[in-house]
Structures are given as C-alpha cells and as structure tokens.
Amino acid sequence: MENLAGFPRREAQAMGLIGFAHMLSHLYMLAFAPLAASIISDMQISAIEYGAALTAFAVVTGILQTPMGLLVERIGGRPILIFGLFVNSAAFCLIAWFSHDYLTFIAFMALAGVGNSVFHPADYSLISATVAEKRMGRAFSVHTFVGHVGFILGPILAAGLEPFIGWRGSIATIGIIGVSMSIVLILFGSVIADGNLIKRSASVRDSLRELFSSRPVALFFLFYMLSSMANFGMVQFSVLAFQPLYGIEHVVAVAALTAYQVGTLALVIPGGILADRTSRYDFIMLLGFGISSVAILIAGSGWFPFFIVTILICIAGGMRGGVNASRDVAVRQIAGRIPVGTVFAFVSTGFLVGQALSGFIYGFLFEHYPPNFIFYASAAFSILGMVTVIFNQGTRNTKKALGDKISTP
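Residues numbered from 1 in each chain as written. Predicted model: local features only at pLDDT ≥ 70, side-chain atom pairs only at ≥ 80, totals over all residues. Heavy atoms only, no water.

Draft legend 1. Main features of the overall build of the protein chain. In terms of helices and strands, the protein chain carries 16 helices and 2 strands. For the protein chain, restricting intrachain contacts to residue pairs at least 6 apart in sequence, the fraction spanning at least 24 positions comes to 85%. Surface exposure of the protein chain reaches about 15,500 Å², of which carbon and sulfur atoms provide 70%. (Helix = DSSP H or I, 4+ residues; strand = E, 2+ residues; numbered from the N terminus. Contact = heavy atoms within 4.5 Å. Areas by Shrake-Rupley, 256 points an atom, 1.4 Å probe, with all protein chains shown as cover.)

Set out below in structure tokens:
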C-alpha cells in the first residue's frame, strides 16, 4: 500500500522518522539567528566573537563528519543518528542553563557540533538502504523539504518564545524537543533499515584513498563549501544587515528571512521530481544559482522598497531549493565503490568548512563595511560555486548514459 507521494508504507514511515530528526538538526542551525542581538548583549561579546562561536560548531562538525560516515558504514546509521540527535539537543539545553561566560558558550557550541556531525552520513546512508532507486530523487527532495521546514521553524520558534521566556528559555525549549525525539527513535526506530545492505569491510585506508582521489568528489566538496558560504550570509546575518540597510524593525527582518526559507521550501519537492527525470544536473544547478545570485545582489543594493526585496529573496531561496535534489542524486551517482554515507559525509563537510570560514568573514564585513556587503559576499560565493559545477563532469553524467540501475525493493 502506498501512502506518501508514491512511497510504500515502510519507506514512508522510515523517511518520516529520519526526516523529523533532520528537521530538528536544521532548526538548531538557525535557532540562534533571531537571538543574535540578545546573545551578543547578554554575553557582552562582539559580532566577531559571536561568529566565532558559530564557527566552533561548524569546525567540530566538519572534523567529525567523515569519520562518522566511516562509522555509519560499519555499525549502521540508526544508532549513530540517535546518538547525534541526543548530543545536539542536550548541548542546546546546556547552553541555555550553564553558558554564563563566553568560553563556556563556545564549548557547548562545539559539543552541539559533535551531535550535528552524524546527520548527513547517517541520513543519506539510511535513505539509500531503504528507498528504491527509481524514487531516490523524490526521497532526497522530501528529506531536504523536511529539513528546510526546520530552517523556517527555527527562527520563528526562537523569536516567538524569546519575549516570554528570554533567549535562554527559547534555546532550552528547543533542546528539550530534540531530547524527546531521540527517545522516540529509540522506541520506534526499528522501522528504519539499519543500512546492512551497504555496510562494507574494506579498510579505512582504502575508503579514504578512493575518496580523496576522486576529482568529482573534490569538486562537490568545493561546491558545498561555496554554496554554504553563500547561504550563511543570508540565514545568519541578513536579519542583522537588513535592519540598518532598510531602517526596518527586527520582526520585519525576521519575516524576510522566513520568506527566504519559504521560497527554498516551495521548490524542493518539484526539484526532486525534476531530478528523477532529468539527464543534466548541471543545467539545473547553474540556472538555480545564477538566478539566486542576481536576486541577492539586487536585494542588497538598497534601491527598492523592502516588500520588493522580500519577494526577491523569496525567489533566491526558491532557486536554491530547486537544485538540492539534483545535487544529491549527482553526488550519489559519483560514489561508485565508495560507501554512499561516506561520500555524503565528506562532500557535506565542505558545507561545514564554509560555515567555519563564514562566521569570521561575515562578522568582519558587518563590523567594518556597510551592510550591503553581506549580500554582495553571498552572491559572490554563489557565482564561485557555479564555476565548480562547470568543471565537474559528475554533474553531467546522465542516468541514461549509466544505463538502467537495479531497483531495491
């Protein structure tokens, strides 16, 4: 019996549990964005120091993500996913309750990064083991869609709770939700295939040699890094930058960020349908990032009324969301003999490297240059990401050229 966009019941149930954990991981990434001013004021730190705390989260995640991918392929993704969600959520509770000085704040952000390191390798490994090949594009798009719901809910939930319980109460509430979900996964996670079909006994050395010698993998790493740097400016600094640039209230700037996330969400599922039907992922990626970069450039110019700017960044978000499934299917396609979870762990480490660099870059730009530069930098990183697509043949290998693949049950 099929019940979710053509997915069999067990696939739908497994994707639902994995997806909810994924949603929370994205929610955590943006929960701090609307609270930045309060945190900076309460901690008595600068924007650069605040960016450094975000960088600590990203650095730890980036360092541990590929090792977590290798671990997932050997013991299965389900226990790793539960562990990561619990640690990430518990770290948020610790931040709320015990971070009364800057060093403690950074330490707990780093602990959150430990938990965050599991999601990409565990999620993609579990989905690849559970979902049939012919539905992989849609599966990845649904997974991304649910994750982006977290991007939308994070700022809304944090900003909505802050007036009543403060920024610490907001973060604690969000952390408790994640701890509760990790318990749900322990109780009901047996519906998720543990990835046994893709476990392998090859040595870590062989896996790493194959990984590091692949040109398409290296270019996807750069693409993830640059696209992350482009997105970071929008999701973490646009609220701070829009206020002085357009002379608007905090709540209006948060609404604009929400429009960006809603736009991203709107085209994720259509992008997945397209990914299952297309033979040229590069065209989709270039078109999406090209339109997005132009829209962000115009939004940062300060030339237009803010309602037009909100529409523009909604379009920019939509164009980014529409390419995600094509990107993910292309990454899975280039894996070859390398375990899928390990490939996704490595290339998505580029995402974390981008975050680690971006905290300092955008913090420096915000403190030393006009707020327009936040958006100019975001657009520039998008354009550089497009260059990596042009030189990456892995985005142009078609399903037809590879032949029909055997579908998993």
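Draft legend 2. Region of the structure containing the side chain of S293. Note on placement: S293 falls in helix α12 (residues 281-299). Residue classification places S293 among the buried residues on the basis of a relative accessible area of 4%. Beyond its immediate stretch of four places on either side in the chain, S293 contacts A379, S382 and I383. (Buried < 20%, exposed > 50% of the residue type's maximum accessible area, 1.4 Å probe, protein only.)

Draft legend 3. Looking closely at the packing of helix α3 (residues 47-75) against helix α4 (residues 77-98). As a packed pair, α3 and α4 sit with axes 9 Å apart at the nearest point and diverge in direction by 155 degrees. What the angle tells us is that α3 and α4 run roughly antiparallel. Note that α3 runs across α4; the crossing there is right-handed. In this structure, α3 uses F57, M68, L71, V72 and I75 to contact α4, whose residues at the interface are G77, P79, I80, F83 and N88. Of the residues assigned to the contact of α3 with α4, the class counts are 8 nonpolar, 2 polar and no charged. (Axes fitted to C-alpha atoms, helices over the stretch in contact; angles between N-to-C directions. Parallel < 35°, antiparallel > 145°, perpendicular 65-115°, else oblique. Left-handed = near helix turned anticlockwise from the far one by under 90°. Nonpolar A, V, L, I, M, F, W, Y, C, P; charged D, E, K, R; others polar.)

Draft legend 4. Quick peek at helix α10 (residues 250-266). Here α10 spans 24 Å end to end across 17 residues, near enough to the 24 Å set by a 1.5 Å rise per residue. Taken as a whole, α10 has its buried residues at A253, V254, A256, L257, T258, A259, Y260, Q261, G263, T264 and L265. At its buried positions, α10 is contacted by α1 (9-31), α7 (136-188), α9 (215-246), α11 (268-277) and α13 (306-334). (Expected span 1.5 Å × (residues − 1).)

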